[in-house]
Amino acid sequence: MTGKIDDYVTELTEELSLRDVPPEAAERIVREVSSHLVESGEDPVHAFGTVKHYADEFASRSRTRRMLVPLVILSALLGSGSALMVLNGIFGFINPAHGLWGLEPLTRLVIGAVLFVCLLALIAVMTVHSRRRLSSWKL
Amino acid sequence: MDESPWPTDWVRVALPGVVLAVVRDEESYGYLIAQRLGVAGFGSVKGSVLYPLLTRLEQDGALASTWREGSGGPGRKYYTLTEMGQQRLDEYATAWARFTTSTAAVLAPTKDAQ
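Notes on the structure follow.

Reading the values: rules and limits
Residues numbered from 1 in each chain as written. Chains lettered and ligands numbered in written order. Predicted model: local features only at pLDDT ≥ 70, side-chain atom pairs only at ≥ 80, totals over all residues. Helix = DSSP H or I, 4+ residues; strand = E, 2+ residues; numbered from the N terminus. Rg over C-alpha atoms; globule rule 2.2 N^0.38 Å. Buried ≥ 20, exposed ≤ 12 C-beta atoms within 10 Å, placed from the backbone. Contact = placed C-beta atoms within 7 Å. Expected span 1.5 Å × (residues − 1). Pairing = 2+ DSSP bridges. Axes fitted to C-alpha atoms, helices over the stretch in contact; angles between N-to-C directions. Parallel < 35°, antiparallel > 145°, perpendicular 65-115°, else oblique. Left-handed = near helix turned anticlockwise from the far one by under 90°. Nonpolar A, V, L, I, M, F, W, Y, C, P; charged D, E, K, R; others polar.

### Description of the overall build of chain A
Then, number 1: When you go through chain A residue by residue, the secondary structure sums to seven helices and zero strands.
Then, number 2: Each helix and strand of chain A, placed in order from N terminus to C terminus, yields the pattern α-α-α-α-α-α-α.
Then, number 3: Taken over C-alpha atoms, the radius of gyration comes to 23 Å for chain A, far larger than the 14 Å a tight globule of 139 residues would show.
Then, number 4: Each of the three principal axes of chain A carries a C-alpha extent, and together these read 75 × 30 × 20 Å.
Then, number 5: The buried share among the 139 residues of chain A stands at 24%.
Then, number 6: A sequence separation of at least 24 residues applies to 67% of the contacts in chain A between residues at least 6 apart.

Structure follows, in structure tokens:
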């Protein structure tokens, strides 16, 4: 049973963190669940429902979190695209024979810089959104 | 613990006031409150219902809490009723009495029906 409780509270901690519940509030929620389960000997899912269901009682899944996988893929594409274009631009300046899709080295550098700025903007928006939810958390 | 003889919706509506009353009677922690509710005839109140309610009541200022360490365990979070909680409970009890009186009056068979 202890293993089951540990798994449940670990998963619940992660889920609450993903939903921007402040760490100290999440710790209290998880500790109370743990206390109840140890004392009652009940099965975690029977007493509290699934982790996602129980986390729903404290914070809904934000749009950002629901879009987490697409956002991670987008960030990876922006990051790798930016690095590819910037490096190719630099190599193009060093060796004019080094081409990429017929683009001038300067054009590659500019595209790389634009992609990098887009990546920074995406991270900034996600961070601000997360901070706002964190600071305004209330049941 | 036995199943509640009451519909779930009724229990949910009554729960905030009843929990405040249990804590008024005795400084309590979650599992103890669940047991008291079971003994009082509310059946097995799930943790998924009870703890979010306790958190909400605490955030509203109706309950205050302190953690007490257990021997090797995670400890217990004890709840006490605040002044605001007592006021809320009084209002709740008055409103609930009026509501049940009105409901009973409407539900009682009329003279024509007798």
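Here the narrative resumes, following the displayed structure.
### Points about the interface of chain A and chain B
Then, number 1: In this assembly, 18 residues from chain A lie in contact with 15 residues from chain B.
Then, number 2: For the side of chain A that touches chain B, the secondary-structure elements that each account for two or more residues are helix H2 (23-40) and helix H3 (44-48) of chain A.
Then, number 3: At 10 residues, the largest contribution of residues to the side of chain A that touches chain B is made by H2 of chain A.

### Brief notes about helix H1 (residues 2-18) of chain A
Residues and elements named next belong to chain A.
Then, number 1: Helix length check: H1, at 17 residues, gives a terminal C-alpha distance of 24 Å against a target of 24 Å (1.5 Å per residue), a fit within 8%.
Then, number 2: Within H1, burial applies to Tyr-8, Leu-12, Thr-13, Glu-15 and Leu-16.
Then, number 3: Looking at the buried positions of H1, the neighbouring elements they touch are H2, H3 and helix H4 (51-56).
Then, number 4: Of the residues one or two after H1, Asp-20 is the one with positive phi, at around 65 degrees.

### Remarks on H2 of chain A
Then, number 1: The terminal C-alpha atoms of H2 of chain A lie 26 Å apart, and with 18 residues this matches the ideal 26 Å at 1.5 Å per residue to within 8%.
Then, number 2: Taken residue by residue, H2 of chain A has Ala-26, Ile-29, Val-30, Glu-32, Val-33, Ser-35, His-36 and Leu-37 of chain A as its buried positions.
Then, number 3: Where H2 of chain A is buried, its residues contact H1 and H3 of chain A together with helix H2 (30-42), helix H3 (47-59) and strand E3 (76-81) of chain B.
Then, number 4: Taken from the residues just after H2 of chain A, Gly-41 of chain A is the one with a positive phi, measuring 70 degrees.

### What to know about the sheet that holds strand E2 (residues 63-68) of chain B
Backbone hydrogen bonds hold the strands of a sheet together, and the pairing may be parallel or antiparallel.
Residue and element names in this part refer to chain B.
Then, number 1: The strand order E1-E3-E2 describes an open sheet built from three strands, whose pairing is antiparallel. The open sheet has two edge strands with one neighbour each: strand E1 (28-29) and E2.
Then, number 2: Pairing geometry for E1 and E3, over two bridges, is antiparallel. Bridging from a neighbouring strand, Ser-28 pairs with Tyr-79 of E3.

### With respect to the packing of H2 of chain A against H3 of chain B
Then, number 1: Across the interface, H2 of chain A lies against H3 of chain B with an axial gap of 11 Å and an inter-helix angle of 140 degrees. If you check the angle between H2 of chain A and H3 of chain B, you find them oblique. Viewed along their axes, H2 of chain A and H3 of chain B form a crossing whose handedness is right-handed. Every residue of H3 of chain B that contacts H2 of chain A at Ile-29, Glu-32, Val-33 and His-36 of chain A is listed here: Gly-47, Tyr-51 and Thr-55 of chain B.
Then, number 2: Each residue belonging to the contact of H2 of chain A with H3 of chain B can be placed in one class, and the counts come to three nonpolar, three polar and one charged.

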